[in-house]
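The primary structure of each chain is shown beneath.
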Amino acid sequence: MRCKTAEHYISLKLDHELKPKQETKLRQHLESCISCKALHQDYARMQTGLQQLPVPECPPQLHHLVMSNLPKRNRNAELRRFRLSLAAASLSIVLSIGAGTLVGLKGYESTDMLNDYAAEEVIDQPLFGENSLMVVSYDD
Ligand SMILES: [Zn+2]
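Below or above, wherever it landed, is the structure these notes cover. (Residues numbered from 1 in each chain as written. Predicted model: local features only at pLDDT ≥ 70, side-chain atom pairs only at ≥ 80, totals over all residues.)

## Here's the deal with the environment of K13
1) Next: Among the structural elements, K13 can be located in helix α1 (residues 3-14).
2) Next: Given 18 C-beta atoms within 10 Å, K13 falls into the partly exposed group.
3) Next: It is 7.6 Å that separates the C-alpha atoms of K13 and E23, two residues lying ten residues apart in sequence. (Helix = DSSP H or I, 4+ residues; strand = E, 2+ residues; numbered from the N terminus. Buried ≥ 20, exposed ≤ 12 C-beta atoms within 10 Å, placed from the backbone.)

## What about unusual backbone geometry?
1) Next: For H16, which is not glycine, the phi torsion reads 60° and is therefore positive.
2) Next: In this fold, H16 is placed in the loop between α1 and α2 (20-32).

## Observations regarding the nonpolar core
The nonpolar side chains of a soluble globular protein tend to be buried with one another.
1) Next: Of all hydrophobic cores here, the largest spans six residues; its members are A6, Y9, I10, L26, L30 and C36.
2) Next: Those elements giving two or more residues to this core turn out to be α1 and α2.
3) Next: Top contributing element to this core by residue count: α1, with three residues.
4) Next: If we skip the residues at most four places from it in the chain, L26 touches A6, Y9, I10, K13 and L18. (Core = buried A, V, L, I, M, F, W, Y, C linked by C-beta atoms within 7 Å. Contact = placed C-beta atoms within 7 Å.)

## Comments concerning the environment of A6
1) Next: Checked against the element boundaries, A6 lands in helix α1.
2) Next: Remark: the alpha-carbon pair of A6 and Q22, spanning 16 residues in sequence, is separated by 9.3 Å.
3) Next: If near-sequence neighbours (up to four positions away) are discounted, A6 is found in contact with M1, L26, H29, C33 and C36.

## Some remarks on the packing of α1 against α2
1) Next: Here α1 crosses α2 at 120°, and the two axes come no closer than 10 Å. Judged on the interaxial angle alone, α2 and α1 are oblique. When you trace α1 past α2, the crossing you get is left-handed. Residue-level contacts link A6, Y9, I10 and K13 of α1 to Q22, E23, L26 and H29 of α2.
2) Next: Along the lines of polarity and charge, the residues of the contact of α1 with α2 split into four nonpolar, two polar and two charged. (Axes fitted to C-alpha atoms, helices over the stretch in contact; angles between N-to-C directions. Parallel < 35°, antiparallel > 145°, perpendicular 65-115°, else oblique. Left-handed = near helix turned anticlockwise from the far one by under 90°. Nonpolar A, V, L, I, M, F, W, Y, C, P; charged D, E, K, R; others polar.)

In structure tokens, the structure reads:
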């Protein structure tokens, strides 16, 4: 067993959550590892010391006092913030659509100009596919 695992097992043991098989492995490790044995003793001493501390007296309305002194949640401000973020998101979507439309219109105009220019000249080049077909003769 590694010391890291032993440390985890020591913590489980002090919380009474260690399984018998794990406890056997831990006991074997503690017999051979001085540092983990010291750690186990320190943790056990600390737990005993904490258990011996007196339980503090709390006023019966402590929970109510704490809760009443917490800052109040401002629902209106949260709602305002949500609406503002929603408006910002909507605005960005609208602006994106507008910008995309403008870019598309500009692109369409430039292709129109190309078409006008091309219509003025006679195109000698064959259309797509006319010279890409292979002539196959089956007479052989
Ligand atoms: Zn160890």
